[in-house]
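# Structural overview
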Amino acid sequence: MLDFVVKRSLQVIIVVFLALTAVFFLIRLSGDPTALFLPPDTSREQIEEYRELLGFNRPLYVQYGEFVGNAIQGDFGQSLRSGDSALGLVLARLPATFQLAFSALFISLLVAIPLGVLAAYKRNSIFDRIAVATTVVGQAIPSFWLGLLLIYTFAVSFSLLPSSGGGSIMHLILPSVTLATYSIARFTRFTRSTMLDVLRKDYIRTAKASGAPTGRLVLKYALKNSLIPIITLVALDLGTLLGGAVVVEMVFAWPGVGRLLLQSLLNRDFPIVLAGVFIIAFIYSIVNFIADILYAYVNPQIRVK
């Protein structure tokens, strides 16, 4: 088990390192950001002085080596616009992103598990067909389009909910539902297929033949044994929700890491972009790491593979 944990830990470090390396070079392809921070009539000499001040006049491999050295120490530099710590700015937005992701996860589980269980128990019925069709739509619909549709319906047409911003539960409803839609569809399909496998087991047929009540048969015997793969999927999907919140945060002007990251990318504020990518990649890798460890703990065959 220790070897498995060590191997997975090394994989986490490698994934985060490769993500940072790829983003470091990709954002450099967008061009020199110094022109964005200076007035249009700035002389060539002043631009060169500013480039030297920011360190952009040095060779790219030198900038990369310095970045890696500082990143290992947790220093991602200062924002090119505000001068504040880039990592500090990202960490300040992290609670809002967590709030949105966990709210979406709660809504997903609240809707998807009962829906998947009922669809499996009523297999091939009208309810099952409607549930399956709904999950297909939920997985196919783009989150930005769904967000705009919800804003038009509940904020513009009926004035029931705020269209943007944060700070209250009312502000959280529309972005949470938008972010949860894909996960609801995914969890429902997975719960349905897992429940169908379990309901075909011999011990379920034996319990049914012995006259076990339907509620106990489904909830105690079938659902309980279906939860392990569902929990694994939920752990993996949490990382996806954190990363996928970028688009939803922009649509609803939610004050989270995703919105800060996209704004910084448009402004070419490289230190904030790299700090944001580091936080998202690290959280995503850690969530997957914990899921792998738990899965290997309950299933020793995973460790052997």
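The structure reproduced in this document is the subject of the present report. What you are looking at is a predicted structure, and each value in this text was computed from that prediction instead of being measured. Chains are numbered independently. Their residues run from 1 in the order of the written sequence. Totals for whole chains, interfaces and linings use all residues, but because this is a predicted model, local features are given only for residues with pLDDT of at least 70 and pairs of side-chain atoms are given and counted only at 80 or more. Based on all heavy atoms of the structure, the side-chain values leave hydrogens and waters out of the count.

## Notes on a nonpolar patch on the surface
Only residues above 30% relative accessible area that lack a salt bridge enter a patch, with like-charged residues linked at up to 9 Å and the nonpolar side chains Val, Leu, Ile, Met, Phe, Trp and Tyr linked at up to 5 Å. Calculation of accessible area relied on Shrake-Rupley with a 1.4 Å probe; when residues are assessed, cover is drawn exclusively from the protein chains displayed. The term salt bridge refers to a pairing of a side-chain nitrogen on Lys or Arg with a carboxyl oxygen on Asp or Glu at a separation within 4 Å. On the surface, L2, V6, L10, I13, I14, F17 and L18 cluster together into a nonpolar patch covering about 710 Å² of accessible area. Helix and strand definitions follow DSSP, with helices as H or I runs of at least four residues and strands as E runs of at least two, each counted in order from the N terminus. By the element assignment, L18 lies in helix α1 (residues 2–28).

## Quick look at the layout of surface pockets
In this analysis, the protein atoms alone were mapped onto a 1 Å grid. Cavities are point sets where a 1.4 Å probe fits without being able to get out; pockets are open sets with protein on both sides within 12 Å along at least five of seven lines; lining residues have an atom within 4 Å of a point. Grid points are joined across faces, edges and corners, and a volume is the space filled by probe spheres set on the points. In this structure, the largest pocket spans a volume of roughly 470 Å³. What lines the largest pocket is a set of 19 residues, among which L54, E66, F76, G77 and P271 lie closest to the centre. Looking at the lining of the largest pocket, the elements with two or more residues in it are α1, α3 (60–72) and α11 (270–298). Each residue gets one of three labels, nonpolar for Ala, Val, Leu, Ile, Met, Phe, Trp, Tyr, Cys and Pro, charged for Asp, Glu, Lys and Arg, and polar for the others, Gly among them. Classifying every residue of the lining of the largest pocket by side-chain character gives nine nonpolar, six polar and four charged. Along the wall of the second largest pocket there are 13 residues; nearest its centre are I13, V16, F17, L20 and F278. If you list the elements that add at least two residues to the lining of the second largest pocket, you get α1, α3 and α11.

## What to know about empty space enclosed by the protein
Overall, the coordinates contain one cavity of 30 Å³ or more when judged by the stated rule. Of the voids in this model, the largest cavity is the one considered here, and its volume is about 70 Å³. Lining the largest cavity, in full, are L94, T97, L242, A245, V246, E249, V257, G258, I280 and I283. Within the residue set of the lining of the largest cavity, elements represented by two or more residues are α4 (86–121), α9 (214–251), α10 (257–266) and α11. Broken down by element, the lining of the largest cavity gets its largest block of residues, four residues, from α9. Within the lining of the largest cavity, the residues separate by chemical class into seven nonpolar, two polar and one charged.

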